Amino acid sequence: MKREIKFRAYSSHNHKMYPVSDIEWDIDGRIWVTADDGKNGIELIDEEAHLTQYTGLHDKNGREIYEGDIIVTHPKSRYEAPKSGVVQFGGSCPSFGYKTEDGEEYDIWSSNAYRTYEVIGNIFENPELLEAQHE
């Protein structure tokens with residue numbers, strides 16, 4: 001199975017999400033991320049760069065789904081209610097899934113046979129979206 005592996009990084013300094021072109025570690029174990037800012041590129045160091053990995057999946061609008069994205073499910077069955085949560089790796093098993101505000105964990109299915117997903121934001125730029133979903 002071939003899967004595209006890529007990352008993006010949220011800069012806590014610039015308060016912006018960037019595509020990542022390079023990741024390196026120095027001798028002290030600090031992470032250095034080179035991000036594409038549309039100009040010359042910028043370097044983000046350790047705590048400033050919040051890395052998120054691409055899941056290999058797209059939402060119903062063709063948008064790539066990354067860790068940290070806030071998604072809403074669109075079930076195809078009338079017996080299933082829509083849910084929202086944050087995409088994460090791991091939790092109960094080594095795969096991508098999403099965790100709802102009430103702590104429930106669900107798998108993300110790649111087939112779209114039972115439901116589709118929609119990215120509505122991410123936890124870095126839009127944390128209020130999770131709160132709004134549960135009010």
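Remember, it's a predicted structure, so these values are computed and weren't measured experimentally. Sequence positions are assigned chain by chain, starting from 1 and proceeding in written order. Local features in this predicted model are restricted to residues whose pLDDT is 70 or higher, and side-chain atom pairs enter the listing and the counts only when it is 80 or higher, whereas totals over whole chains, interfaces and linings include all residues. To get the side-chain values, take all heavy atoms of the structure and skip hydrogens and water.

Under the DSSP-based scheme used, a helix requires at least four consecutive residues in state H or I and a strand at least two consecutive residues in state E, with every element numbered from the N terminus. Topologically, Thr-55 is positioned in strand S5 (residues 49-58). For this analysis, a polar contact is any N or O atom pair within 3.5 Å, provided that within protein one partner can donate a hydrogen and the other can accept it, and provided that sequence-adjacent residues contribute only side-chain to side-chain pairs. Polar contacts involving the side chain of Thr-55 include one to the main-chain amide nitrogen of Leu-57, which spans 3.1 Å. A distance of 2.8 Å separates the side chain of Thr-55 from the backbone oxygen of Ile-65, its partner in a polar contact. Leave out the neighbours within four places in its chain, and Thr-55 touches Arg-3, Ile-65, Tyr-66, Glu-67, Val-87 and Phe-96. Residues are treated as being in contact if the distance between any of their heavy atoms lies within 4.5 Å.

Glancing now at the sheet that holds strand S1 (residues 7-11). For two strands to be treated as a pair, DSSP must find no fewer than two bridges joining them. One open sheet accounts for six strands, arranged S4-S3-S2-S1-S5-S6; its pairing is antiparallel. Among the strands making up the open sheet, the edge pair consists of strand S4 (42-45) and strand S6 (64-66). Each adjacent strand pair in this sheet contributes to an overall mean axis angle of 45 degrees, direction not counted. Judged from the five bridges that link them, S1 and S5 form a sheet pairing that is antiparallel. Counted as the bridge partner of Ser-11 is Ala-49 from S5. Helix axes use the C-alpha atoms of the stretch in contact, all axes being lines fitted to C-alpha atoms, and the angles between their N-to-C directions lie in the range 0 to 180 degrees.

The grouping of Glu-101, Asp-102, Glu-104, Glu-105, Glu-128 and Glu-131 at the surface amounts to a negative patch. One can find Glu-105 in strand S10 (residues 105-107). Working definition: with a 1.4 Å probe on protein chains only, accessible area under 20% of the residue-type maximum means buried, over 50% means exposed, and in between means partly exposed. Exposure remark for Glu-105: the relative accessible area of 33% places this residue in the partly exposed category. Patches were defined on residues exceeding 30% relative accessible area and lacking a salt bridge, with like-charge contacts within 9 Å and nonpolar side-chain contacts (Val, Leu, Ile, Met, Phe, Trp, Tyr) within 5 Å. To measure how exposed things are, a 1.4 Å probe is used in the Shrake-Rupley method; for residues, cover is taken only from the protein chains shown. Every case where a carboxyl oxygen of Asp or Glu lies within 4 Å of a side-chain nitrogen of Lys or Arg is listed as a salt bridge. Positive charges come from Lys and Arg alone, negative charges from Asp and Glu alone, with His and the N- and C-terminal ends not counted. Here the site of a charge means atom NZ of a Lys, CZ of an Arg, CG of an Asp or CD of a Glu.

We now examine the environment of Thr-55. Taking relative accessible area as the criterion, Thr-55 reaches 7% and is therefore assigned buried. Sequence separation of Thr-55 and Tyr-18 is 37 residues, and the distance between their C-alpha atoms is 16 Å.

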